[in-house]
Amino acid sequence: MPDSYVFSEQVGHLLRKAYQRHLAIFQQNVGDSQLTAVQFVTLCALRDHGASSLTELVKATAVDQATIRGIVERLKAKALISLEPDPQDKRKVVVDLSPEGAALVAQTTPRAAQISELTMSNLNPAERVAVLFLLRKMIDDPQQ
């Protein structure tokens with residue numbers, strides 16, 4: 001009797017494949033900025049929320065603590081963010097957009113909107129609304 005579990009038809013696998021496609025589209029269309037998708041999301045989170053601790057960035061971006069540290073290091077090396085000690089707790093670091101980072105976000109945002117369109121290009125308008133609705137519903141925590 002064959003196993004009825006087909007990994008390639010499971011939600012996790014399909015989400016991973018869709019995300020891989022989105023990342024490829026992002027890299028092909030982001031332009032010369034050398035930004036990765038997760039670096040761009042981090043810059044957007046700083047634009048939207050202002051100066052933030054690493055913990056706040058983890059919550060805003062859904063990127064784990066270890067990964068966000070590496071992202072912050074790379075963005076700092078590119079002079080797209082600044083790091084300052086937290087005035088309330090010197091052990092913490094506050095991350096903020098540099099003027100160059102803010103300019104890059106403003107320059108890249110129109111391309112990012114186009115990238116989202118390209119990612120969903122196989123979907124009609126109703127399917128686009130539905131997929132975004134369903135993805136939001138999947139990530140909502142029913143316990144909250």
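Since the structure is predicted, the reported quantities are computational estimates derived from the model, not experimental observations.

**Q** Whenever I open this one, the packing of helix 2 (residues 37-49) against helix 4 (residues 65-77) confuses me. Can you help?
**A** Each pair of packed helices can be summarised by the angle the axes make with each other and by the distance between the axes. Where helix 2 contacts helix 4, the axes come no closer than 10 Å and their chain directions differ by 80 degrees. On the basis of the axis angle, helix 2 is roughly perpendicular to helix 4. On helix 4, the residues touching Val38, Gln39, Thr42 and Leu43 of helix 2 are Ile68, Ile71, Arg74 and Leu75. Looking at the contact of helix 2 with helix 4, its residues break down into five nonpolar, two polar and one charged.

**Q** Quick question: what am I supposed to make of the sheet that holds strand 3 (residues 93-97) here?
**A** Strand order in the open sheet made by the three strands is 1-3-2, with antiparallel pairing throughout. In this open sheet, the two edge strands, each paired with only one partner strand, are strand 1 (52-53) and strand 2 (81-85). Note that strand 2 and strand 3 share five bridges and pair antiparallel. In the sheet register, serine 82 faces strand 3, and the bridge partner there is aspartate 96.

**Q** Looking at this structure, I do not really get the layout of surface pockets. What am I missing?
**A** The gaps left among the atoms become clear once a water-sized probe is rolled over them. The calculated volume of the largest pocket comes to roughly 1,300 Å³. In this structure, the largest pocket is lined by 29 residues; those nearest its centre are Tyr19, His22, Thr119, Leu132 and Leu135. Listed by contribution, the elements that provide at least two residues to the lining of the largest pocket are helix 1 (11-29), helix 2, helix 5 (99-119) and helix 6 (125-139). A per-class count over the lining of the largest pocket returns 21 nonpolar, five polar and three charged.

**Q** Quick question: what am I supposed to make of the packing of aromatic side chains here?
**A** For any pair of aromatic rings, geometry is given as the distance between the ring centres together with the angle between the planes. Counted under the stated rule, the structure contains one aromatic pair. Their ring planes at 40 degrees and their centres at 6.2 Å tell us that phenylalanine 26 and phenylalanine 40 sit as a pair that is tilted. With phenylalanine 26 in helix 1 and phenylalanine 40 in helix 2, this pair connects stretches of sequence that are 14 residues apart. By the burial criterion, phenylalanine 26 is buried, and phenylalanine 40 matches it.

**Q** Whenever I open this one, a nonpolar patch on the surface confuses me. Can you help?
**A** A contiguous nonpolar surface patch, about 550 Å² in accessible area, is contributed by Val11, Leu15, Leu132, Leu135, Met138 and Ile139. Of all the secondary structure elements, the ones that give two or more residues to the nonpolar patch are helix 1 and helix 6. Among the structural elements, leucine 135 can be located in helix 6.

**Q** Is there a simple way to explain the pattern of salt bridges in this structure?
**A** If charged atoms from side chains of opposite charge come close, those side chains can pair. Taken as a whole, this structure holds three salt bridges when the rule is applied. Arginine 91 is the salt-bridge partner of aspartate 89, the closest N and O atoms lying 3.1 Å from each other. For aspartate 89, a relative accessible area of 17% translates into the label buried. Taking the shortest distance from any N to any O, the salt bridge between glutamate 117 and arginine 128 comes out at 2.4 Å. In this pair, glutamate 117 sits in helix 5 while arginine 128 sits in helix 6, placing the two residues eleven residues apart along the sequence.

The rules behind these values
- Residues numbered from 1 in each chain as written.
- Predicted model: local features only at pLDDT ≥ 70, side-chain atom pairs only at ≥ 80, totals over all residues.
- Heavy atoms only, no water.
- Axes fitted to C-alpha atoms, helices over the stretch in contact; angles between N-to-C directions.
- Helix = DSSP H or I, 4+ residues; strand = E, 2+ residues; numbered from the N terminus.
- Parallel < 35°, antiparallel > 145°, perpendicular 65-115°, else oblique.
- Contact = heavy atoms within 4.5 Å.
- Nonpolar A, V, L, I, M, F, W, Y, C, P; charged D, E, K, R; others polar.
- Pairing = 2+ DSSP bridges.
- 1 Å grid on protein atoms, 1.4 Å probe; cavity = no way out; pocket = protein on both sides within 12 Å on 5 of 7 lines; lining within 4 Å.
- Points joined across faces, edges and corners; volume = space filled by probe spheres on them.
- Phe/Tyr/Trp six-rings, centres within 6.5 Å; stacked < 30°, edge-to-face > 60°.
- Buried < 20%, exposed > 50% of the residue type's maximum accessible area, 1.4 Å probe, protein only.
- Patch = residues over 30% accessible without salt bridge, like charges linked within 9 Å, V, L, I, M, F, W, Y side chains within 5 Å.
- Areas by Shrake-Rupley, 256 points an atom, 1.4 Å probe, with all protein chains shown as cover.
- Salt bridge = Lys/Arg side-chain N within 4 Å of Asp/Glu carboxyl O.

Honestly, it's all geometry; don't read function into it.
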